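# Chains, contacts and geometry: an overview
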Amino acid sequence: MISIHSLEFHYRYGEFRLSVPEFRVTQCEKVAVIGPSGSGKTTLLNLIAGIFTPVSGTVSVDNTEVSALNDARRRDFRITNIGFVFQDFELLDYLNVLDNVVHPYRITRALTLDRSARERAVSLAERMDIGDKLTRFADDLSQGEKQRAAICRALLPHPKLILADEATGNLDPENKTVILDLLFQTVEEHDATLLAVTHDQELLKRFDRVIDFQDFRHRDAA
Amino acid sequence: MIDSLYIAWRYVRFNKIKTATLIACITLIAFLPLALQLLLDESERQLMSRAVSTPLLVGAKGSALDLVMNTLYFDDEVPESIAMMDADRVEESGLAFPIPVYARFRARDYRIVGTTLDYFDFRGLEIAAGRPLAIVGDAVLGAAVADRLGLKPGDALISSPENLFDLAGVYPLKMNVVGVLKKSHTSDDLAVFVDIKTAWIIEGLGHGHQDLIKSQDASVILKRTEKNVTANAKLRIYTEISKLNLDSFHFHGDDSKYRVTAVIALPNDTKSGTILRGRYISDGATNQILKPADVIDGLLQNIFRIKNVIDGVIFLVGIATVLAIVLVFALSLRLRQREIQTIFKLGCSRMTIAKLMGAEIFIIIVSSVVLCALMIAVVNHFSNDLVRMAFIR
């Protein structure tokens, strides 16, 4: 699903350098990326999503070389093939839950917001146990409910790849487990691949594979 | 675009106070100069149309503006009066036709205008209900007066005393409303018209009382001689003119010396008007003759000079407001940087983000324009009355 080869990246300003000789994630795999702050985990997600382009090397997702696409195509590819789940949920406070879930459809022409998309959004929210909160605003939801809504938003366009950037970082232990269960369950149901950046050591055993990003050592999950 | 408008609509609805403040600022800054211009145009129209249709005005020397404003618009400032013989002098000149106007007294906040029937022909005033003035004590009401006071022919209207503490002054007269004028959209709508003699009765120059010669009540008589009968304070003075006591009303003294506030002079032609004006140009003249259009034109020039200053102030305030609005949007963009990053990460283009912001500005500006248009429509609808309240009376 993800294939990175001889990747070199640095920001225009600053000392940061990222070098990934080889990185692969197979379809339907659930992979955790760990590493200290500043090691480049989030940068890796942004490179895979096509938000950043590498200085050299290639990044391919589902056999599409993302790094070779132009800006407009990268955005279309991202919104149709990749679902983002953020640590701070990043729901828009002025939209209700349903509008937040269908928001990606309203900000791009690559997706069409029709009746089936709306029905899917409602059904997804019901499965996430927030079906009765569709008309509530983000500020009226609990942390767990916010992340459920954010996962609904990420999954609605049927992405092949879910990128989770510390998706459980702001949740209490009980909600962490529930949200991760829901995320895994829906990822499996959608035959999607999950690449999750996390600091939470307790959750690592639930992933198929864990990658320590600092020294880029690969190791199998216990 | 519909999606952008929808998202922008949700944003402006969620941030009601910020949106309302921005709309209020833009609306006010657009509304103020437009409304001011509208009211000035209407005031110019009202003032000039009436001034132009009144060729010449004779009155006591003094403030030309007070004379014109009182005679044409029945303004509060009452000019020095002149004698009725001044109207006769205009007629005797053979150069113009005089219409005396005595606009001094009031009835419940509305000016009582004592004049002759010629005034109605001159102004083209028509009776909507009832009949024209016929006898002393009759009153014909302007359309707005009848409407606001709820009066109709057959009702009565009492003149207001000039000074409540002047016991020897003008007594109120109960006038009979005999007619109501059609709406003319001029100051005539706000006047109570009476015959000039009725105005003199209100002034106390004419009065009616019980007949002392026929009176059987000896207690009323103070002194009776062959030629004269003197009554005491018990003598009943009529405060209402009716068919029964009409004959008892009479005037004392020379009516050519009775006062009027102005004489509208209608010259036979331009040449006659010029000659008539020439007769008032002398150092010793106690009266003046003037063209109301010239006076009003001077007044409007002053108003427009003030308007230019106000326009300048509004322009500066407008610039400050626009800068403040730009600052608000710039700060808003900064506050929403995280939101912008999020939707950008999701796959939104910079053009779409610009569209979202544009849609918000569009909604705010359209709302302001609609609100401003509604307010302008209201001002336009009431401009006639507003101008009278603000500029005329």
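Quick summary incoming for the structure in this document. Computed from a predicted structure; not experimentally measured.

### Quick look at the overall build of chain A
Helices and strands together make up the secondary structure of chain A, namely seven helices and 10 strands. Here chain A holds 222 residues, and 57% of them are scored as buried. At a minimum sequence separation of 6, the contacts of chain A that also span at least 24 residues come to 71%. When the accessible area of chain A is evaluated, it comes to approximately 9,800 Å², of which 44% is carbon and sulfur surface.

### Quick notes on the nonpolar core
Counting residues in each nonpolar core, the largest one holds 90 residues, and the members touching the most others are Ile2, Ile4, Phe23, Ile48, Leu163, Leu194 and Leu195 of chain A. Discounting chain neighbours no more than four positions away, the residues touching leucine 195 of chain A are Ile2, Phe23, Val25, Val31, Val33, Leu45, Ile48, Ile162, Leu163 and Ala164 of chain A. By size, the runner-up hydrophobic cluster in this structure holds 44 residues, among which are Ala139, Leu157, Val177 and Ile196 of chain B.

### As for the sheet that holds strand S4 (residues 56–61) of chain A
All names here are of chain A. Spatially, four strands are ordered S2-S1-S4-S5 in an open sheet, and the strand pairing comes out antiparallel. Each edge of the open sheet is held by one strand with a lone partner, namely strand S2 (17–25) and strand S5 (64–65). Relative to S5, S4 is paired through two bridges, and the arrangement is antiparallel. From the neighbouring strand, valine 61 faces S5, where its bridge partner is threonine 64. Across the sheet, helix H1 (residues 41–49) lies against strand S1 (2–10), S2 and S4, angled at about 115° from S1, the strand it touches most.

### Concerning the layout of surface pockets
Estimated volume of the largest pocket: approximately 470 Å³. Lining the largest pocket we find 22 residues, and of these Leu91, Leu92 and Asp93 of chain A together with Leu335 and Glu339 of chain B sit closest to its centre. The set of elements that each furnish at least two residues to the lining of the largest pocket consists of helix H1 (2–14), helix H9 (292–335) and helix H10 (337–346) of chain B. Residues belonging to the lining of the largest pocket are distributed by class as follows: 10 nonpolar, three polar and nine charged. Estimates place the volume of the second largest pocket at around 350 Å³. Elements represented by at least two residues in the lining of the second largest pocket include exactly helix H2 (71–81) and helix H4 (103–106) of chain A together with H1 and helix H11 (350–392) of chain B.

### With respect to a nonpolar patch on the surface
Together, Phe362, Val366, Val370, Leu371 and Leu374 of chain B make up an exposed nonpolar region whose accessible area comes to about 430 Å². Given the relative accessible area of 51%, leucine 374 of chain B is considered exposed.

### What about the environment of valine 66 of chain A?
All names here are of chain A. Position of valine 66 among the secondary structure elements: in the loop between S5 and H2. Sequence-wise, valine 66 and isoleucine 48 are 18 residues apart; in three dimensions their C-alpha atoms are separated by 7.5 Å. Not counting residues up to four positions away in its chain, the partners in contact with valine 66 are Ile48, Ala49, Gly50, Val59, Ser60, Val61, Arg74 and Phe77.

Cut-offs and rules
Residues numbered from 1 in each chain as written. Chains lettered and ligands numbered in written order. Predicted model: local features only at pLDDT ≥ 70, side-chain atom pairs only at ≥ 80, totals over all residues. Heavy atoms only, no water. Helix = DSSP H or I, 4+ residues; strand = E, 2+ residues; numbered from the N terminus. Buried < 20%, exposed > 50% of the residue type's maximum accessible area, 1.4 Å probe, protein only. Contact = heavy atoms within 4.5 Å. Areas by Shrake-Rupley, 256 points an atom, 1.4 Å probe, with all protein chains shown as cover. Core = buried A, V, L, I, M, F, W, Y, C linked by side-chain atoms within 4.5 Å. Pairing = 2+ DSSP bridges. Axes fitted to C-alpha atoms, helices over the stretch in contact; angles between N-to-C directions. 1 Å grid on protein atoms, 1.4 Å probe; cavity = no way out; pocket = protein on both sides within 12 Å on 5 of 7 lines; lining within 4 Å. Points joined across faces, edges and corners; volume = space filled by probe spheres on them. Nonpolar A, V, L, I, M, F, W, Y, C, P; charged D, E, K, R; others polar. Patch = residues over 30% accessible without salt bridge, like charges linked within 9 Å, V, L, I, M, F, W, Y side chains within 5 Å. Salt bridge = Lys/Arg side-chain N within 4 Å of Asp/Glu carboxyl O.

The values are spatial; any link to function lies outside them.
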